[in-house]
Amino acid sequence: MEEIIFCCPVCGKKEFSDYLEVQDHFLSKEHFLIQKCNFCGFRFINPRPAKSEIGRYYQSDEYISHGVKKNDFLSRIYGLARFFSIKNKFMVVKKYGHSGKLLDVGCGTGEFLSYCHKNGWEVSGVEPNEKARKYAQTKNNISVTDQLSLLNDHSGLFSCITMWHVLEHVHDLDETLETVKNLLTPDGVFVAAVPNSNSWDALKYQGYWAAYDVPRHLYHFTEVTMHTLAARKGFEVLETIPQKLDAYYVSMLSEKYLTGRANYLKSLIYGIWSNCKAKKKGMGYSSIIFILSLKRR
Ligand SMILES: [Zn+2]
């Protein structure tokens, strides 16, 4: 069943323009329309599969593991990138605190949480995928629930809440952000990493840009619209940090969608180019980490 969006999820206005039609290159091969709010510029797929229907678009082991069990070059690169990515994520968290309760929403198999636990944090997670959740619970020994709303009675307890490429997946954006606000300590930080649909690689690959990932990605943020969303929902942006490795990984996947094969050299060059453009021309990096705090009145 399809769900039609009548009010912009960020500003509530009702006038949209068509932005881009994108195919689900990863799984269903279906086409989806990305629309743009005429007032705040927020981009989102419309119509979109209802929450009850979205599950079938995730029915691939590869989506959960991103192919880490396979031994091909792409998977090995991804495994290596994941190792550095966990360390990088931890460095971001460490900048704002060294201990306390940390919640990772969309924690997957729990590797990041496990690393944080070893480094002084009391950790818990939210993961809707049963297989990944069970793995995090049994193999990584982490307390994980399947829904964020189940934690609502832990009001004001978390000094750090992280969502690494999760916000673009949630149907109930308002409810999710309200819950995050409720769970944070007054001086806590909310770390949200999202792809940037204004980056050089997004504009270069257009409908083949892997981070559109429709219909799993419901929203297609830019630096400006993330700032607007944060302000409207009562957050302050403390800092933005680039995720430079994403430019390479996203270019590699995009190249595969566009040409049918992964061109590693080209992806490397485009990744470097995207990061250069982001730095020198201010186009914005392929993925950006936003550090948010509760707005002080
Ligand atoms: Zn809007």
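Here is a short report on the structure shown in this document. (Residues numbered from 1 in each chain as written. Predicted model: local features only at pLDDT ≥ 70, side-chain atom pairs only at ≥ 80, totals over all residues.)

Pairing in this open sheet of four strands is antiparallel, and the strands run E2-E3-E4-E11 from one edge to the other. Edge strands, defined here as strands with exactly one partner in the open sheet, are strand E2 (16-23) and strand E11 (219-220). Where strand E3 (residues 31-37) lies against strand E4 (residues 43-45), three bridges are found, and the strand directions are antiparallel. Bridging from a neighbouring strand, Ile34 pairs with Ile45 of E4. (Pairing = 2+ DSSP bridges. Helix = DSSP H or I, 4+ residues; strand = E, 2+ residues; numbered from the N terminus.)

It is worth spelling out the packing of helix H2 (residues 73-96) against helix H3 (residues 111-118) at this point. Relative orientation and spacing of two packed helices are given, respectively, by the angle between their axes and the distance between those axes. Their axes nearest at 10 Å, the elements H2 and H3 cross at an angle of 50 degrees. When the axes of H2 and H3 are compared, the pair comes out oblique. The handedness of the crossing between H2 and H3 is right-handed. Here Ile86, Lys89, Phe90 and Val93 of H2 lie close against H3, whose contacting residues are Glu111, Phe112, Tyr115 and Cys116. Counted by class, the contact of H2 with H3 contains six nonpolar, no polar and two charged residues. (Axes fitted to C-alpha atoms, helices over the stretch in contact; angles between N-to-C directions. Parallel < 35°, antiparallel > 145°, perpendicular 65-115°, else oblique. Left-handed = near helix turned anticlockwise from the far one by under 90°. Contact = placed C-beta atoms within 7 Å. Nonpolar A, V, L, I, M, F, W, Y, C, P; charged D, E, K, R; others polar.)

All right, on to helix H8 (residues 245-259) then. Here H8 contains 15 residues, and its C-alpha end-to-end distance of 22 Å stays within 8% of the 21 Å for a straight helix at 1.5 Å per residue. Considered for burial, the residues of H8 that qualify are Asp246, Ala247, Tyr248, Tyr249, Val250, Ser251, Met252, Leu253, Ser254 and Glu255. For H8, the secondary structure elements touched by its buried residues are H2, helix H6 (200-205), helix H9 (264-280) and strand E13 (287-294). Among the residues trailing H8, Gly260 stands out with phi positive, at a value near 90 degrees. (Expected span 1.5 Å × (residues − 1). Buried ≥ 20, exposed ≤ 12 C-beta atoms within 10 Å, placed from the backbone.)

What the seven strands build is an open sheet, ordered E8-E7-E6-E9-E10-E13-E12; its pairing is mixed. Each edge of the sheet is formed by a strand with only one pairing partner; in this case those strands are strand E8 (143-145) and strand E12 (235-242). Strand-to-strand twist in this sheet, taken as the mean axis angle between neighbours without regard to direction, amounts to 20 degrees. By the bridge criterion, seven bridges tie strand E10 (residues 184-195) to E13 in an arrangement that is antiparallel. Bridged to Phe190 within E13 is Leu292. Against the sheet, helix H5 (residues 173-183) touches strand E6 (100-105), strand E9 (158-164), E10 and E13, its axis set at about 145 degrees to E10.

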